[in-house]
Amino acid sequence: MPTTRSFTLRCSLLLSLPFLLFMACTVIPKAPLSGGKVIHVGDGTEDMVLDDFGARDRLLISCADRRHGDTAYFGAIVSYDLQSGALDTLEIHEYPIGMSFRPHGLDLLQVGDRLQLYAVCHDDQTGYHWIACFQILENQLYWIQNYQAGLLKSPNGVTALADGSFYVANDHYVRGSLKESFLKQKIAEVIRFEVDGTHKVAFKGLAYGNGITNRNGYVYAAATTENKVYRFKIAPDGMLTEQTCIAKVKGPDNLRWDGDDLLVACHMRLLKFLGHAKDSQKYAPTMIYRIQPGSTKPVPVYADKKGETISAGSTGLIYQDRLFIGQVFGDWIMEVKK
């Protein structure tokens, strides 16, 4: 999800009675899992990936203080050791001096002989948005390069391919646009970058593009205000074709794989989400669904109907017998035993 600045802009939606009535009708289903153990990490645990490439499996967590906008004091990649429970903030080397680091969506991939981390980054004060690419060596991040283009108007999620090329989902065509959000305009783009930095629009037509991932020649993307998750075929020229809705879920956010299934975190009550964005004492529901191959009916996995345990959950990731949940604003992740 985007920064507090864009959420504040959307508060004018509250003036629309039809919109209020629509949101009030949202039903939050029951799920087999709830509650959980709090693991304090750092502000804004918005996204996370599983790093099982090294000697010890761990989570890499994207952390950024989102409530304070460009005055935020914290932004980092934090690791959580899945055996010992140890936390560590990865040290960044060779990153451009003076450039902010407020990571958002993440992806992790072995590219040749390098383990590479891709992170969506923002500097709303300058209107500059980019994808930072790092090589990971143990607890060190070595900067490789930043990928930036005018087409990155409001990037939200990133997914990398085996050759080092990647796709980025913009959540808006115009960052923070009330018109796009309110009218659910299908004009947000997915941008493809090649390793050399050349880029193009691979698809245009999402209403609030969000989480994105890929597998076996297909890209999967969440469209938050459409309440849908789509699948696209990657054409030989890198364009995204054969758009297919694989699931209808309320307010989908980040996507993560669990075997052949997709896990999607969902924001079930947008108005409560907006309230939570401004005030941590106002709660917003958290919902995790499982999307299974060949079925368009998502299966509830985790539900916090009031958001009292964890609010605005943005990522669900399963490791062995544990579900981990990240959130847009809070400074912890949730661990839930299956």
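Right above here is the structure, for reference.
So, how was this worked out
- Residues numbered from 1 in each chain as written.
- Predicted model: local features only at pLDDT ≥ 70, side-chain atom pairs only at ≥ 80, totals over all residues.
- Heavy atoms only, no water.
- Helix = DSSP H or I, 4+ residues; strand = E, 2+ residues; numbered from the N terminus.
- Rg over C-alpha atoms; globule rule 2.2 N^0.38 Å.
- Lys, Arg positive; Asp, Glu negative; His and termini not counted.
- Charge placed at Lys NZ, Arg CZ, Asp CG, Glu CD.
- Buried < 20%, exposed > 50% of the residue type's maximum accessible area, 1.4 Å probe, protein only.
- Pairing = 2+ DSSP bridges.
- Core = buried A, V, L, I, M, F, W, Y, C linked by side-chain atoms within 4.5 Å.
- Contact = heavy atoms within 4.5 Å.
- Salt bridge = Lys/Arg side-chain N within 4 Å of Asp/Glu carboxyl O.
- Axes fitted to C-alpha atoms, helices over the stretch in contact; angles between N-to-C directions.
- Phe/Tyr/Trp six-rings, centres within 6.5 Å; stacked < 30°, edge-to-face > 60°.

Within the protein, the regular secondary structure consists of four helices and 25 strands. Radius of gyration (C-alpha) of the protein: 18 Å, near the 20 Å computed for a compact globule of 338 residues. Side chains of the protein give 36 positive and 36 negative charges; the mean places of these two sets differ by 10 Å.

Across the seven residues that make up strand β23 (residues 313-319), a large majority, seven, are buried. Relative to strand β24 (residues 322-327), β23 runs antiparallel, the two being bridged by six bridges. Across the sheet, the residue bridging to tyrosine 319 is arginine 322, located in β24. Connecting β23 to the antiparallel partner β24 that follows it, the hairpin turn spans two residues, and glutamine 320 within it adopts a positive phi of roughly 55 degrees.

The next point concerns the nonpolar core. In terms of nonpolar packing, the biggest core is built from 17 residues, with Leu60, Ile77 and Leu117 touching the most fellow members. Residues contacting isoleucine 77, with those up to four places away along its chain left out, are Leu60, Ile61, Ser62, Asp88, Thr89, Leu90, Phe101, Pro103, Leu106, Leu117 and Leu141.

Turning our eyes to something else, we now look at the pattern of salt bridges. Per the stated rule, a full pass over the model turns up 10 salt bridges. A salt bridge links arginine 290 to aspartate 258, with the shortest nitrogen-to-oxygen separation between them at 2.8 Å. Placement of arginine 290 in strand β21 (residues 286-291) and of aspartate 258 in strand β19 (residues 252-258) is noted, with a sequence separation of 32 residues between them. Using a relative accessible area of 13% as the deciding quantity, one classes arginine 290 as buried. Three or more residues joined by partner-sharing salt bridges are found here, namely Asp258, Asp261 and Arg290.

Taken in spatial order, the four strands of this open sheet run β11-β12-β13-β14, and their pairing is antiparallel. Bordering the open sheet on either side are β11 (155-160) and β14 (199-206), each of which pairs with just one other strand. When the angles between neighbouring strand axes are averaged without regard to direction, this sheet yields 20 degrees.

Further remarks concern the packing of aromatic side chains. Scanning the entire structure with this criterion turns up 13 aromatic pairs. Between tyrosine 128 and tryptophan 130, the aromatic rings sit 4.9 Å apart at their centres with planes inclined by 35 degrees, giving tilted as the arrangement. We classify tyrosine 128 as partly exposed; its relative accessible area is 30%. Overall, tryptophan 130 belongs to the buried group, its relative accessible area being 0%.

This part covers the pairing of strand β13 (residues 188-193). Of all six residues in β13, six are buried; the element is thus mostly enclosed. Of the pairings in the sheet, the one linking strand β12 (residues 166-170) to β13 comprises four bridges and is antiparallel in character. Along β13, the bridge assignment pairs tyrosine 167 with arginine 192. Pairing analysis gives six bridges linking β13 to β14, with the strands arranged antiparallel. Looking across to β14, one finds that isoleucine 191 is bridged to valine 201. In this structure, the hairpin formed by β13 and β14 is closed by a connection of five residues, where glycine 197 is found at a positive phi of approximately 95 degrees.

The next point concerns the environment of methionine 239. Tracing the backbone shows methionine 239 in the loop between β17 (228-234) and β18 (240-248). Looking at methionine 239, the relative accessible area reads 27%, which means it is partly exposed. Methionine 239 sits 38 residues away from valine 201 along the chain, and the two C-alpha atoms are 7.7 Å apart. Those residues in contact with methionine 239 that sit more than four places away from it in its chain are Lys200, Val201, Ala202, Lys233 and Ile234.

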